[in-house]
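Structural overview
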Amino acid sequence: MSADPTQVLAFETDCHIFDGCGFPAPGLHSFLFEPLWGDADSNLYFNKPMLLALLGSIIVVGFFWAAFRKPKVVPGKLQMVAETGYDFIRRGIVYETIGKREGEKYVPLVVSLFFFVWMMNLWSIIPIAQFPVTSIIAYPIVLALIVYVLWVSLTFKRHGFVGGFKNITGYDKSLGPVLPLAMLIEFFSNLLVRPFTHAVRLFANMFAGHTLLLLFTLASWYLLNGIGIAYAGVSFVMVIVMTAFELFIQALQAYVFVLLTCTFIQGALAKHH
């Protein structure tokens, strides 16, 4: 209930338009959850997004374990689905970006990232859960940080300190007098902006999509009164449309995240000219 008993909020059961209700648009408060366990003040707690992340990890691992624990030459339905997904990432992303010889060793990582991110996104449209874990910025940041550490370490391992520095700063002596400025821009772009945009691209899309779904869902219920029923129908149609659109965006964002991951790895392994 709201703090003021005279003000009824739109998400409360009996509140509709023309009933003197206020309509609180979804915002940052829609992404805050009370701890399921522990104390938020002590920063030692377990909440709904954490639970969904844990369940998502178990689902992804359980799916591939069930599909490949007893692989067959003629695959069953589950193994066929898993092989199709795995092969799509391996051939369509890793091989195409990094190359077969260099990329094979990174296939397990990229496949894991893709299906984990996709599962975290899918929670948005799954009943009861109805929340994309990646709309909490901490999760994309950690995933991007894993890729960032791999990219930097591979760069210096492959090229040495001097070669790695040239790789990161885009050293090209043909630039002449603008070379120092170009190297400075590339340095900050690669080491600071790149991991930031890698994380924010995923977070922002999931945050915006979930906000829109909330907006139309709340509006559908809020308008369900009197003449507002006609508008409620339009809003409900938008919920269906946005849900279908989110299905596409969720897969697309997982694809983009791992595609950029492969691009970073390829850049780290490429010879500097």
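The residue count restarts for each chain, going from 1 along the sequence in the order it is written. It should be noted that, the model being predicted, local features are given only for residues of pLDDT at least 70 and side-chain atom pairs only at 80 or more, the latter also being counted only at that level, while totals for whole chains, interfaces and linings use all residues. With hydrogens and water stripped out, all remaining heavy atoms of the structure feed into the side-chain values.

Description of helix α1 (residues 48–68)
- Helix and strand definitions here come from DSSP, where helices need a minimum of 4 consecutive H or I residues and strands a minimum of 2 consecutive E residues; each element is numbered from the N-terminal end. The length a helix should cover is 1.5 Å for every residue beyond the first. An ideal rise of 1.5 Å per residue puts 30 Å on 21 residues; α1 measures up with 30 Å between its terminal C-alpha atoms.
- Any two residues whose heavy atoms approach within 4.5 Å at even a single point are treated as in contact. Those residues of α1 that are buried are in contact with α2 (77–97), α4 (107–122) and α5 (138–169).

Remarks on the UniProt feature "transmembrane region" (unreviewed entry) in the protein
- UniProt positions are given in the numbering used here, feature names are shortened, and annotations may be inferred rather than shown by experiment. According to UniProt, the "transmembrane region" (unreviewed entry) feature falls on residues 50–68, 106–130, 136–154, 175–196, 202–224 and 254–270.
- Taken end to end, residues 175–196 is 82% helix and 0% strand, and its first and last C-alpha atoms sit 27 Å apart.

Regarding the packing of α2 against α4
- Between N-to-C directions, angles span 0 to 180 degrees; the directions come from axes that are lines fitted to C-alpha atoms, helices contributing only their stretch in contact. Where α2 meets α4, the axes come as close as 10 Å, and the angle between the chain directions of the two elements is 115°. In terms of orientation, α2 and α4 fall into the roughly perpendicular class. Crossing hand, α2 versus α4: right-handed. Between α2 and α4, the contacting residues are G85, Y86, I89, R90, V94 and Y95 on the first element and V107, P108, V110, V111, F114 and F115 on the second.
- Each residue belonging to the contact of α2 with α4 can be placed in one class, and the counts come to ten nonpolar, one polar and one charged. Put simply, angles under 35 degrees are roughly parallel, angles over 145 are roughly antiparallel, angles from 65 to 115 are roughly perpendicular, and the rest are oblique. Each crossing gets its hand from how the near helix is turned against the far one by less than a right angle, where anticlockwise is left-handed and clockwise is right-handed. Gly is placed with the polar residues, together with every amino acid not listed as nonpolar (Ala, Val, Leu, Ile, Met, Phe, Trp, Tyr, Cys and Pro) or charged (Asp, Glu, Lys and Arg).

Here we look at the pattern of salt bridges
- Salt bridge criterion: a side-chain nitrogen from Lys or Arg within 4 Å of a carboxyl oxygen from Asp or Glu. Inspection of every chain in the model, using the stated rule, returns four salt bridges.
- R90 is paired through a salt bridge with D87; the nearest N and O atoms lie 2.7 Å apart. Highlighted residues: R90 and D87, both in helix α2, separated by three residues, approximately one helical turn.
- For E102, the salt bridge goes to R101, with nearest N and O atoms at 3.9 Å.
- You can call E102 buried: its relative accessible area is 18%. Remark: exposure states derive from per-residue accessible area (1.4 Å probe, protein chains only) relative to the maximum for the residue type, with buried under 20%, exposed over 50%, and partly exposed in between.

As for a nonpolar patch on the surface
- A cluster of nonpolar side chains, namely L36, W37, L44, L51, L54, L55, I58 and I59, defines an oily patch on the protein surface of about 790 Å² accessible area.
- The leading source of residues in the nonpolar patch is α1, at five residues.
- Here L36 is to be found in the segment before β1 (37–39).
- The exposed category is assigned to L36, whose relative accessible area is 56%. Surface patches are drawn from residues lacking salt bridges whose relative accessible area is over 30%; two like charges belong together within 9 Å, two nonpolar side chains (Val, Leu, Ile, Met, Phe, Trp, Tyr) within 5 Å. With residues, only the protein chains shown are counted as cover, and all accessible areas are computed by Shrake-Rupley using a 1.4 Å probe.

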